Amino acid sequence: MVGGLDSPEPGEQLRALNNLNARGAIAPGDRKALVRFLEHTDPAMRLLAITRLREATGTDLAYDYAGDPLAQGPAVRRWADWAEDPSRIDRLKAEAGTSGKNDA
């Protein structure tokens, strides 16, 4: 797991998000940490998290980092589902109504 993702220090969290190579497999603990960042109070942290997730999966599962955080609940739950079992991604894309090719 990338140690900085679980750090209480925002600067360390930011460095960890920037350094996470999401192009490919993401370790289970890192997947869960990235999903937690989707609910961060700082929109920049949410943007970095969804960027890393999208790099790894090719989709945003209808998550909007700039949208109302309370309205993102269904998308965050889809991401939490993916963090538990990445093989569910196609089902989650269908549930989100996204193809993964041109997600916004």
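Residues numbered from 1 in each chain as written. Predicted model: local features only at pLDDT ≥ 70, side-chain atom pairs only at ≥ 80, totals over all residues. Heavy atoms only, no water.

Draft legend 1. The packing of aromatic side chains, seen in detail. This structure, assessed with the given rule, holds one aromatic pair. A ring pair is formed by Trp79 and Trp82, whose centres lie 5.3 Å apart and whose planes are at 85°; its orientation type is edge-to-face. A residue pair is termed a helical-turn pair when its members lie 3 or 4 positions apart in one helix, as Trp79 and Trp82 do in helix α4 (residues 73-84) at three residues. Comparing Trp79 with Trp82 shows no difference in burial state: the two are buried. (Phe/Tyr/Trp six-rings, centres within 6.5 Å; stacked < 30°, edge-to-face > 60°. Helix = DSSP H or I, 4+ residues; strand = E, 2+ residues; numbered from the N terminus. Buried < 20%, exposed > 50% of the residue type's maximum accessible area, 1.4 Å probe, protein only.)

Draft legend 2. Representation of the confidence of the model for the protein. Per-residue confidence for the protein averages 84 on the pLDDT scale, and 87% of its residues sit at or above 70. When pLDDT is averaged over each helix and strand of the protein, the minimum, 75, is found for helix α1 (residues 10-19) and the maximum, 96, for α4. (pLDDT = per-residue confidence, 0-100.)

Draft legend 3. Representation of the nonpolar core within the structure. Ranked by size, the top nonpolar core spans 25 residues in total, and within it Leu17, Leu34, Leu38, Leu53, Tyr63, Trp79 and Trp82 carry the most contacts. If you list the elements that add at least two residues to this core, you get α1, α2 (28-37), α3 (43-57), α4 and α5 (89-96). Trp82 has contacts with Ile26, Arg31, Leu53, Thr57, Ile89 and Leu92, leaving out every residue within four places of it along the chain. (Core = buried A, V, L, I, M, F, W, Y, C linked by side-chain atoms within 4.5 Å. Contact = heavy atoms within 4.5 Å.)

Draft legend 4. View of α2. Within α2, the full set of buried residues consists of Asp30, Arg31, Ala33, Leu34, Val35 and Phe37. In this fold, the buried residues of α2 make contact with α1, α3 and α4.

Draft legend 5. Structural view of the environment of Ile50. Mapped onto the elements of the fold, Ile50 is located in helix α3. By relative accessible area, Ile50 is classed as buried at 7%. In the structure, Ile50 is positioned 15 residues away from Val35 in sequence and 8.3 Å away in space, judged by C-alpha atoms.

Draft legend 6. Region of the structure containing α4. Given a rise of 1.5 Å per residue, twelve residues ought to cover 16 Å, and the 17 Å separating the end C-alpha atoms of α4 matches this to within 8%. By the burial criterion, the buried members of α4 are Gly73, Ala75, Val76, Arg78, Trp79, Trp82 and Ala83. Where α4 is buried, its residues contact α2, α3 and α5. (Expected span 1.5 Å × (residues − 1).)

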